[in-house]
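Geometric and topological summary
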Amino acid sequence: FSSIKMGYYVHPAKIRQDHQEWHHEVSCCGVKLAHDNHGRVGHVLVTIAFVISRVFCAAVAVMGFGVKVVIVAEHMMHTQYNFWLSWAQLIVLLNSCIGIVILEEELQD
């Protein structure tokens, strides 16, 4: 599990797609909240829940990225850590970040 991968859920193309899916699928006690019978209240509740979930995902992704950057920088700056292990951690961080960038290309297809 990589907290940086939570950035996947806050990508603009993914947000639009997921928001539409939430309006069609989210239900409470077997009743679809955003169904026409519930009017604007259902749409507002689904939208509020969606925004809260995406803010949480963004916060986790940013915090995870920050922690990993600090750890990798610490290991790269101090000579007491194994040189090869420090570079391996840097490569793992880059791989996590590239995973988010590749996602953009995949969503465009």
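What counts and what doesn't
- Residues numbered from 1 in each chain as written.
- Predicted model: local features only at pLDDT ≥ 70, side-chain atom pairs only at ≥ 80, totals over all residues.
- Heavy atoms only, no water.
- Helix = DSSP H or I, 4+ residues; strand = E, 2+ residues; numbered from the N terminus.
- Buried < 20%, exposed > 50% of the residue type's maximum accessible area, 1.4 Å probe, protein only.
- Contact = heavy atoms within 4.5 Å.
- Areas by Shrake-Rupley, 256 points an atom, 1.4 Å probe, with all protein chains shown as cover.
- Salt bridge = Lys/Arg side-chain N within 4 Å of Asp/Glu carboxyl O.
- Phe/Tyr/Trp six-rings, centres within 6.5 Å; stacked < 30°, edge-to-face > 60°.
- Polar contact = N/O pair within 3.5 Å; in protein donor to acceptor, adjacent residues only side chain to side chain.
- pLDDT = per-residue confidence, 0-100.

**A closer look at the overall build of the protein chain**
In terms of helices and strands, the protein chain carries three helices and two strands. When the 109 residues of the protein chain are sorted by exposure, 23% land in the buried category. For the protein chain, restricting intrachain contacts to residue pairs at least 6 apart in sequence, the fraction spanning at least 24 positions comes to 64%. Carbon and sulfur atoms form 67% of the exposed surface of the protein chain, whose accessible area is close to 7900 Å².

**Here's the deal with the pattern of salt bridges**
Here the structure, examined in full by the defined rule, presents two salt bridges. We note a salt bridge from K14 to D18, for which the minimum N-O separation is 3.1 Å. Placement of the pair is K14 and D18 together in helix α1 (residues 12-25), with a separation of four residues, close to one helical turn. R54 serves as the salt-bridge partner of D18, at 2.7 Å between the closest nitrogen and oxygen. Residue D18 is found in helix α1, and its partner R54 is found in helix α2 (residues 39-77); the two are separated by 36 residues along the sequence. As far as burial versus exposure is concerned, D18 and R54 are alike and both buried.

**Some details on the packing of aromatic side chains**
Using the criterion set out here, one finds two aromatic pairs in the structure. Ring plane angle 80° and centroid distance 5.0 Å describe the contact between F83 and W84, whose orientation is recorded as edge-to-face. With a relative accessible area of 49%, F83 lands in the partly exposed category. On the basis of relative accessible area, W84 is assigned to the exposed category, the value being 67%. Within the aromatic cluster, the residues linked to one another by ring pairs are F83, W84 and W87.

**A short note on the side chain of S53**
Looking at the element boundaries, S53 is found in helix α2. Among the polar contacts listed, one links the side chain of S53 to the backbone oxygen of F50, at a separation of 2.7 Å.

**A word on the confidence of the model for the protein chain**
Summing up the model confidence of the protein chain, the mean pLDDT is 78 and the portion of residues at 70 or higher is 77%. Highest mean pLDDT in the protein chain belongs to α2 (86); lowest belongs to strand β2 (residues 31-32) (58).

**Some remarks on the environment of G7**
Relative to the assigned elements, G7 resides in the segment before α1. Given the relative accessible area of 14%, G7 is considered buried. When the C-alpha positions of G7 and R54 are compared, they lie 9.3 Å apart, and in sequence the two are 47 residues distant.

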